[in-house]
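Working through the structure, step by step
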Amino acid sequence: MNVLVVDDDFMVAKLHSRYVSATDGFRVAGVAHSGAEALRAAERLRPDLVLLDIYLPDMDGLGVLRELRAAEERDPARATVDALFITAARDAELVRAALRAGALHYLIKPFSQSALQEQLRHVASLRSRFDRLGQARQEDVDQIFGTRPPGARGLPKGLAPHTAELVERILREHPGDLSASECAEAGSLSRVSARRYLEYFVETGRVEVTLRYGGTGRPERRYRIAGRR
């Protein structure tokens, strides 16, 4: 996924770019330090996602996002860009305005690399979910319109946070997809336990599942982090 990083502070933009580049499936398509520069870059690069600061020297980030949305309305063939606000602005009205303008989320500085990467993975998960959906079920809509990414939700009864973290780490460190048996072996878990966590991650959109057909018997379920290709 191509990302445009917009921040008036050159060092902050560089830091955020490094966070993006360290996230599987994401690359920095460009960097802008003003609203006008961001609009020109978006027109030229057509990114999938823009990371927007509120405070810019010529116009605020909300204005940038509104201009992007207006450009999309003028050109129906233009792909819609997603937006995450990354800013020190804490005013609740700005958060509300960002939501109304169509931002997917709003991160308040300072934040950790993992916090931004969680949001990036959430964006990838949403895009993957929309790509797969024909007709939406209510549970799909509830997950899409939730205020928190899947990883921030509490685990169901019977699932332990430390085991969930272990299974997720195994998935992220594995170069391709893997089966429940392979995950269980890597984490010294039972196959049944590994599959419970894997299926939970599938339900919440963090993990994708594919079927591998062999010569006989039922197809094998193969798991990988959502959005990874």
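The text that follows walks through the structure, step by step, so that each part is easy to find.

Overview of the overall build of the chain
Scanning the chain from terminus to terminus reveals nine helices and seven strands. Split into buried and exposed, the 229 residues of the chain put 45% on the buried side. When the accessible area of the chain is evaluated, it comes to approximately 12500 Å², of which 51% is carbon and sulfur surface.

Quick look at the pairing of strand E5 (residues 105-108)
Relative to E5, strand E4 (residues 82-87) runs parallel, the two being bridged by four bridges. Residue pairing in the sheet places Thr-87 in a bridge with Ile-108 of E5. Taken together, E4, helix H4 (residues 92-101) and E5 form a β-α-β motif whose crossover is right-handed.

Regarding the sheet that holds E5
Spatially, E2-E1-E3-E4-E5 is the arrangement adopted by the five strands of the open sheet, whose pairing is parallel. The open sheet has two edge strands, strand E2 (27-32) and E5, and neither has a second partner. The average angle at which neighbouring strand axes cross in this sheet is 20 degrees, direction not considered. Across four bridges, the pairing between strand E3 (residues 49-52) and E4 is parallel. Opposite Leu-49, over in E4, you have Asp-82 as the bridge partner.

Quick notes on the packing of aromatic side chains
By the definition in use, this model includes two aromatic pairs. Summarising the aromatic geometry, the rings of Tyr-200 and Phe-201 are spaced 5.8 Å apart at their centres and angled 45 degrees between planes, so their arrangement reads as tilted. We note that Tyr-200, like Phe-201, is buried.

Let's talk about the environment of Asp-9
Mapping Asp-9 onto the fold places it in the loop between strand E1 (2-6) and helix H1 (10-21). What makes Asp-9 partly exposed here is its relative accessible area of 36%. Linking Asp-9 and Leu-56, residues 47 residues apart in sequence, is a C-alpha distance of 9.1 Å. Engagement of the side chain of Asp-9 in a polar contact is seen with the backbone nitrogen of Met-11, the distance being 2.9 Å.

Points about the pattern of salt bridges
Counted by the stated rule, this structure contains 18 salt bridges. Between Lys-109 and Asp-7 there is a salt bridge, with its nearest N and O atoms 2.7 Å apart. Of this pair, Lys-109 sits in the loop between E5 and helix H5 (113-132) while Asp-7 sits in the loop between E1 and H1, and the two are 102 residues apart along the sequence. With a relative accessible area of 19%, Lys-109 lands in the buried category. Using a relative accessible area of 1% as the deciding quantity, one classes Asp-7 as buried. Residue Arg-221 is joined to Glu-199 by a salt bridge in which the shortest nitrogen-to-oxygen separation is 2.8 Å. You can see Arg-221 sitting in strand E7 (residues 220-225) and its partner Glu-199 sitting in helix H9 (residues 191-203), a full 22 residues away along the chain. Taking relative accessible area as the criterion, Glu-199 reaches 19% and is therefore assigned buried.

Definitions and limits used
- Residues numbered from 1 in each chain as written.
- Predicted model: local features only at pLDDT ≥ 70, side-chain atom pairs only at ≥ 80, totals over all residues.
- Heavy atoms only, no water.
- Helix = DSSP H or I, 4+ residues; strand = E, 2+ residues; numbered from the N terminus.
- Buried < 20%, exposed > 50% of the residue type's maximum accessible area, 1.4 Å probe, protein only.
- Areas by Shrake-Rupley, 256 points an atom, 1.4 Å probe, with all protein chains shown as cover.
- Pairing = 2+ DSSP bridges.
- Right-handed = clockwise from strand over helix to strand, strands pointing away.
- Axes fitted to C-alpha atoms, helices over the stretch in contact; angles between N-to-C directions.
- Phe/Tyr/Trp six-rings, centres within 6.5 Å; stacked < 30°, edge-to-face > 60°.
- Polar contact = N/O pair within 3.5 Å; in protein donor to acceptor, adjacent residues only side chain to side chain.
- Salt bridge = Lys/Arg side-chain N within 4 Å of Asp/Glu carboxyl O.

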